[in-house]
Amino acid sequence: MSGHDAPTHLGPRRLRADGVRDLVSETEVRASDLVAPVFVDATTDERRPIPSMPGHERVPVAEAVPRVREVMETGVEAVMLFGIPESKDPEGSRADAEDGVVQRATRAIAAETDAYLVTDLCLCEYTDHGHCGILEADATDDPDLTVRNEATLERYRSVAVSQAAAGADMIAPSGMMDGQVAAIREALDGAGHGDVPVMAYAAKYASAFYGPFRDAADGAPAFGDRRHYQMDPANAREARREVARDAAEGADVLMVKPALPYLDVVADVRREFDRPVAAYNVSGEYAMVHAAAEKGWLDLEAAAHESLLPIKRAGADLIVTYFAEDLADRL
Ligand code: PBG
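Residues numbered from 1 in each chain as written. Predicted model: local features only at pLDDT ≥ 70, side-chain atom pairs only at ≥ 80, totals over all residues. Heavy atoms only, no water.

A. Structural view of the overall build of the protein chain. Counting secondary structure elements, the protein chain contains 10 helices and 12 strands. In terms of overall dimensions, the protein chain is globule-like: its C-alpha atoms have a radius of gyration of 21 Å, near the 20 Å expected for 331 residues. Each principal axis of the C-alpha atoms in the protein chain carries an extent, and together these give about 80 × 45 × 40 Å. Here the protein chain, with 331 residues, has 53% of them falling under the buried criterion. Relative to all contacts within the protein chain whose residues are 6 or more apart in sequence, the contacts with residues 24 or more apart total 74%. Roughly 15,000 Å² of accessible area belongs to the protein chain as shown, and the carbon and sulfur atoms make up 48% of that amount. (Helix = DSSP H or I, 4+ residues; strand = E, 2+ residues; numbered from the N terminus. Rg over C-alpha atoms; globule rule 2.2 N^0.38 Å. Buried < 20%, exposed > 50% of the residue type's maximum accessible area, 1.4 Å probe, protein only. Contact = heavy atoms within 4.5 Å. Areas by Shrake-Rupley, 256 points an atom, 1.4 Å probe, with all protein chains shown as cover.)

B. Broad picture of helix H9 (residues 300–314). When the terminal C-alpha atoms of H9 are compared, their 22 Å separation across 15 residues agrees well with the 21 Å that a helix rising 1.5 Å per residue should span. In this fold, the buried residues of H9 make contact with strand S1 (34–41), helix H7 (263–272), strand S11 (277–281), helix H8 (283–294), strand S12 (318–321) and helix H10 (324–328). (Expected span 1.5 Å × (residues − 1).)

C. Expanded view of the site of the ligand. Taken together, 18 residues form the shell around the ligand, and within it Lys204, Arg214, Lys257, Ser283 and Tyr322 come nearest. In this structure, Ser174 approaches the ligand through a side-chain N or O atom, which is 3.2 Å from a nitrogen atom. Residue Lys257 places a side-chain N or O atom 3.3 Å away from a nitrogen atom belonging to the ligand. Across the complex, the protein chains shield 100% of the 400 Å² of accessible surface that the ligand would expose by itself. Here the residues of the shell around the ligand are counted per class, giving 10 nonpolar, three polar and five charged. (Near = heavy atom within 4 Å. Polar contact = N/O pair within 3.5 Å; in protein donor to acceptor, adjacent residues only side chain to side chain. Nonpolar A, V, L, I, M, F, W, Y, C, P; charged D, E, K, R; others polar.)

D. Expanded view of unusual backbone geometry. Between Lys257 and Pro258 the backbone carries a cis peptide bond, its omega angle lying at -10°. Looking at where Pro258 falls in the secondary structure, it is placed in the loop between strand S10 (253–257) and H7. Even without being a glycine, Met176 presents a positive backbone phi close to 60°. Note that Met176 resides in the loop between strand S8 (170–173) and helix H4 (180–190).

E. Spotlight on the nonpolar core. Formed by 105 residues in total, the largest nonpolar core has its most connected members in Phe39, Val40, Met80, Ile109, Tyr156, Met199 and Tyr280. Met199 has contacts with Met80, Val118, Met170, Ile171, Ala172, Pro173, Val253, Met255, Ala278, Leu318 and Val320, leaving out every residue within four places of it along the chain. (Core = buried A, V, L, I, M, F, W, Y, C linked by side-chain atoms within 4.5 Å.)

F. How the structure looks around the packing of helix H1 (residues 64–73) against helix H2 (residues 101–112). At a minimum axis distance of 9 Å, the contact between H1 and H2 shows a crossing angle of 50°. One element, H1, and the other, H2, form an angle in the oblique class. Crossing angle aside, the handedness with which H1 passes H2 is right-handed. Mapping the contact onto sequence places Ala64, Val65, Val68 and Arg69 in H1 and Ala105, Ala108, Ile109 and Glu112 in H2. Looking at the contact of H1 with H2 residue by residue, the classes come out as six nonpolar, no polar and two charged. (Axes fitted to C-alpha atoms, helices over the stretch in contact; angles between N-to-C directions. Parallel < 35°, antiparallel > 145°, perpendicular 65-115°, else oblique. Left-handed = near helix turned anticlockwise from the far one by under 90°.)

G. The arrangement of a nonpolar patch on the surface in detail. A contiguous nonpolar surface patch, about 300 Å² in accessible area, is contributed by Leu15, Leu23 and Val24. In this fold, Leu23 is placed in the segment before S1. (Patch = residues over 30% accessible without salt bridge, like charges linked within 9 Å, V, L, I, M, F, W, Y side chains within 5 Å. Salt bridge = Lys/Arg side-chain N within 4 Å of Asp/Glu carboxyl O.)

H. Geometry of the packing of aromatic side chains. By the definition in use, this model includes nine aromatic pairs. For the pair Phe39 and Phe82, a centre-to-centre distance of 5.4 Å together with 25° between the ring planes defines the contact as stacked. You can see Phe39 sitting in strand S1 and its partner Phe82 sitting in strand S4 (residues 78–84), a full 43 residues away along the chain. Each member of the pair, Phe39 together with Phe82, is buried. These aromatic residues form a ring-pair network of at least three members: Phe39, Phe82, Tyr201, Phe213, Tyr280, Tyr286, Tyr322 and Phe323. Positioned above the aromatic ring of Tyr210 is the side chain of Lys204, whose terminal nitrogen or guanidinium carbon lies 5.5 Å from the ring centre. The lysine or arginine in question, Lys257, covers the ring of Tyr280, its NZ or CZ lying 4.7 Å from the ring centre. (Phe/Tyr/Trp six-rings, centres within 6.5 Å; stacked < 30°, edge-to-face > 60°. Lys NZ or Arg CZ within 6 Å of the ring centre and 35° of its normal.)

I. Region of the structure containing the pairing of S8. Alternating residues of S8 divide into Met170 and Ala172 and Ile171 and Pro173, and every residue in both groups is buried. Relative to S8, strand S5 (residues 116–121) runs parallel, the two sharing four bridges. Paired with Asp120 across the strands is Ala172, a residue of S8. (Pairing = 2+ DSSP bridges.)

J. Molecular detail of the pattern of salt bridges. Within this structure, the stated rule accounts for 20 salt bridges. Put simply, Asp33 and Arg30 hold a salt bridge, and the shortest N to O gap is 3.2 Å. By relative accessible area, which is 4% here, Asp33 ends up buried. Judged by relative accessible area, Arg30 falls into the partly exposed class, the value being 43%. With its nearest N and O atoms 2.7 Å apart, the salt bridge here joins Arg240 to Asp268. Here Asp268 lies in helix H7 and Arg240 lies in helix H6 (residues 237–248), a separation of 28 residues in the sequence.

K. The environment of Gly55, seen in detail. Along the polypeptide, Gly55 turns up in the loop between strand S2 (48–49) and strand S3 (57–59). The spacing of Gly55 and Glu325 is 270 residues in sequence and 9.2 Å in space, taken between C-alpha atoms.

And the structure:
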């Protein structure tokens, strides 16, 4: 044997050498593709770490602007805002209050930063029962009919208008009520916010991967679960129908959530719909990587990057991810 393989044995490896591998790389995660979730908490005066989401905190309203500035210093320019209100009730009445936690934080962030501000629109952080809408009076006894669709849409309209009035750049409804995109679009247009796009959580699954978020936002249902309004993880064709409805109702951006367990759905939405596609790399997807990295079993940054690349490969244009800050510096 001579000291080297015959050249005819070499194929794809020719393009894996330093100097050429970046030239031929197909996808890239850029800081400008990322949206960083931010939690603002009206019940606290100090920043509180979220134990199940290392590196993330709930911050008081007074810290919303500094928190967003921290995100922007990493190169990420878009944030998604979640609020924890000072009190909860069956209608989630703090969700559309002019002095509500998201409204106050939004006004400050819009006035003092250049961040692109997306507000999550849902009631689960604001209702005492933790569901994403208004319940039937006897919902606890009736597992088949928990959330009143039309009554909930009325609340969503009002929340959307109050968020846009406070200065939100984009509204992201995550409650999975039927007709929510049309209702919100109509309300925004009617209130003079025709320039505010809607990013619809279009295919949102009833997922076990939201666990850490529910700690972070105090939004776990007090009874029952969300399977009557969120999608069945077994279904991909149904996602196409859900997304088609949201697109027809005027959604500007179509979101799939979670991301990694549903890459087939991301790829399908990319193929079937000529709209920007977003994927939400959710709290559980983040927590898994962090937990393994803490044990020394994974390299955090490498695994985080490798988690986001397939989301881009599958066809997402933008990614909502708790890794945004971890990664942006090195992209
Ligand atoms: C609210 C909402 C949830 C998430 C985003 N918006 C929780 C849920 O539906 O239970 C989850 C985000 C995450 O896990 O990172 N409806």
